[in-house]
Amino acid sequence: PVRVDGKIIDMLSFAKEMYEKTDGNLNIAMGAVLKIWHNYREEGKSIPTREELFSASLHTDINDLIIDKENSTVELLDCEMSLDVGGIGKGYAVEMIAKSMYDDGYRGYILDVGGNIRALGEKPDGTGFKTGVRNPDRNSSESYVAYFELKNQAAVTSGSYERFYTVDGVNYHHIINKDTLMPENYHLSVSVISNSSALSDALSTAFFNMETATLTEAVKSFSGIEVLLVEPNGEVIKISGK
């Protein structure tokens, strides 16, 4: 067991909660697999073999992540397992910043941290803060496919069109599916609006790895969220939570 700051304990606990709520599609214990893809992406010449991905996937059981809140320690029972909080860390950090600023009395502002948008309050005229979902089609004359007005809400987008590398004419993005261990292309982008940047970040990653029908059912499990999909054929789909 390794002693860590209480803020890390809280983030990891939230990540385990989101693992359960997303049927494992948000899994911070995927580090062994994600590291392989990262190394290949940095080299930019080839893709991993099925054998090495499968071998790494044997060390991604989140139940091997033991969190002891009382003693503020974290333990990994599998010595070949590693954590990767890329699908949740930034959104969680943005939410902690927003809460800290709220406690300090700040209202009526918007945070934009690398595409993680968090509005706290509203504009002086009572309207919300306008933000948009970028059009994945770089050849289109329309820069955005949709706009939102945020009041005390967060908007986070996960997409395949910015972080990727190309091998033999095929683009491989950075969001890896837990079942296939590959970057799947069910959607070009998934945007989630909720009352928490941490939740929006986690769900945008998890939903990106679900096919549309599965995703539509999964959204119904969450109250007060809005989801916008940009599909490979260019179709834009809006789905609301319960």
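Look up: the structure comes first, before these words.
Everything numeric here is computed off the predicted structure, so don't read it as measured data. (Residues numbered from 1 in each chain as written. Predicted model: local features only at pLDDT ≥ 70, side-chain atom pairs only at ≥ 80, totals over all residues. Heavy atoms only, no water.)

Let's talk about the overall build of the protein
In plain terms, the rule: Per the convention used, a helix needs a DSSP run of H or I reaching at least four residues, while a strand needs a run of E reaching at least two, with both numbered from the N terminus. C-alpha atoms define the radius of gyration in this analysis, and the globule rule sets the expected value at 2.2 Å times the number of residues to the power 0.38. Relative accessible area decides the class of each residue, using a 1.4 Å probe on protein chains only: under 20% of the type maximum gives buried, over 50% gives exposed, and in between gives partly exposed. When checking whether two residues touch, look at their non-hydrogen atoms; a contact exists if any pair is within 4.5 Å. As used throughout, the charge tally considers Lys and Arg to be positive and Asp and Glu to be negative, leaving His and the chain termini uncounted. For charged residues, the charge sits on one atom: NZ in Lys, CZ in Arg, CG in Asp, CD in Glu.
A count of helical and extended segments in the protein gives six helices and 13 strands. Its C-alpha radius of gyration of 18 Å places the protein within 12% of the 18 Å reference for a compact globule of 242 residues. Relative to its 242 residues, the protein shows a buried fraction of 46%. The long-range share in the protein, meaning contacts at least 24 apart out of those at least 6 apart in sequence, stands at 58%. Distance from the positive charge centre (23 side chains) to the negative charge centre (36 side chains) of the protein: 5 Å.

Digging into the sheet that holds strand E1 (residues 2–3)
The criterion, for reference: Two strands are said to pair when DSSP picks up at least two bridges between them. As a rule, the C-alpha atoms of each element are fitted with a line to give its axis, helices using only the stretch in contact, and angles between N-to-C directions run from 0 to 180 degrees.
Pairing within the open sheet is antiparallel, and its three strands lie in the order E1-E3-E2. Every other strand in the sheet has two partners, leaving E1 and strand E2 (65–68) as the edge strands with one partner each. As paired strands, E1 and strand E3 (residues 73–76) are joined by two bridges and run antiparallel to one another. Residue pairing in the sheet places Arg-3 in a bridge with Thr-73 of E3. In the packing of helix H1 (residues 6–21) onto the sheet, the strands contacted are E2 and E3, and the crossing angle to E2 comes to about 130 degrees.

Looking at unusual backbone geometry
A negative phi angle is the norm for most residues apart from glycine, just as the trans form is the norm for most peptide bonds. The backbone of Asp-23 sits at a positive phi, close to 55 degrees, despite the residue not being glycine. Counting through the fold element by element, Asp-23 comes out in the loop between H1 and helix H2 (31–43). Asp-23 sits in the exposed class, given a relative accessible area of 62%. The phi dihedral of Asp-168 falls on the positive side, at around 50 degrees, and the residue is not glycine. One can find Asp-168 in the loop between strand E9 (164–167) and strand E10 (170–173). By relative accessible area, Asp-168 is classed as exposed at 77%.

Examining the environment of Thr-131
Along the polypeptide, Thr-131 turns up in strand E6 (residues 129–134). Residues Thr-131 and Tyr-161, 30 residues apart in the sequence, show an inter-C-alpha distance of 19 Å. Not counting residues up to four positions away in its chain, the partners in contact with Thr-131 are Ile-117, Ala-146, Tyr-147, Phe-148 and Leu-150.

A short note on the layout of surface pockets
Spelled out, the test is: A pocket here means an open set of points on a 1 Å grid, computed over the protein atoms alone, that has protein on both sides within 12 Å along at least five of seven lines. A cavity is instead a set of points where a 1.4 Å probe fits but cannot get out; residues with an atom within 4 Å of a point line either one. Grid points are joined across faces, edges and corners, and a volume is the space filled by probe spheres set on the points. Following the grouping adopted for this structure description, the nonpolar residues are Ala, Val, Leu, Ile, Met, Phe, Trp, Tyr, Cys and Pro, the charged ones are Asp, Glu, Lys and Arg, and the polar ones are all others, Gly among them.
Here the largest pocket defines a volume of roughly 1,100 Å³. Lining the largest pocket are 46 residues, with Thr-157, Ser-158, Gly-159, Arg-163 and His-174 sitting closest to its centre. At the level of secondary structure, the elements contributing two or more residues to the lining of the largest pocket comprise H2, strand E5 (116–120), E6, strand E7 (144–150), strand E8 (154–159) and helix H5 (197–208). For the lining of the largest pocket, the class distribution of residues is 16 nonpolar, 20 polar and 10 charged. Space inside the second largest pocket adds up to approximately 190 Å³. Considering the residues around the second largest pocket, the lining is formed by Lys-21, Thr-22, Asp-23, Asn-25, Asn-177, Asp-179, Tyr-186, Asn-209, Met-210, Glu-211, Thr-214 and Ala-218. Classifying every residue of the lining of the second largest pocket gives three nonpolar, five polar and four charged.

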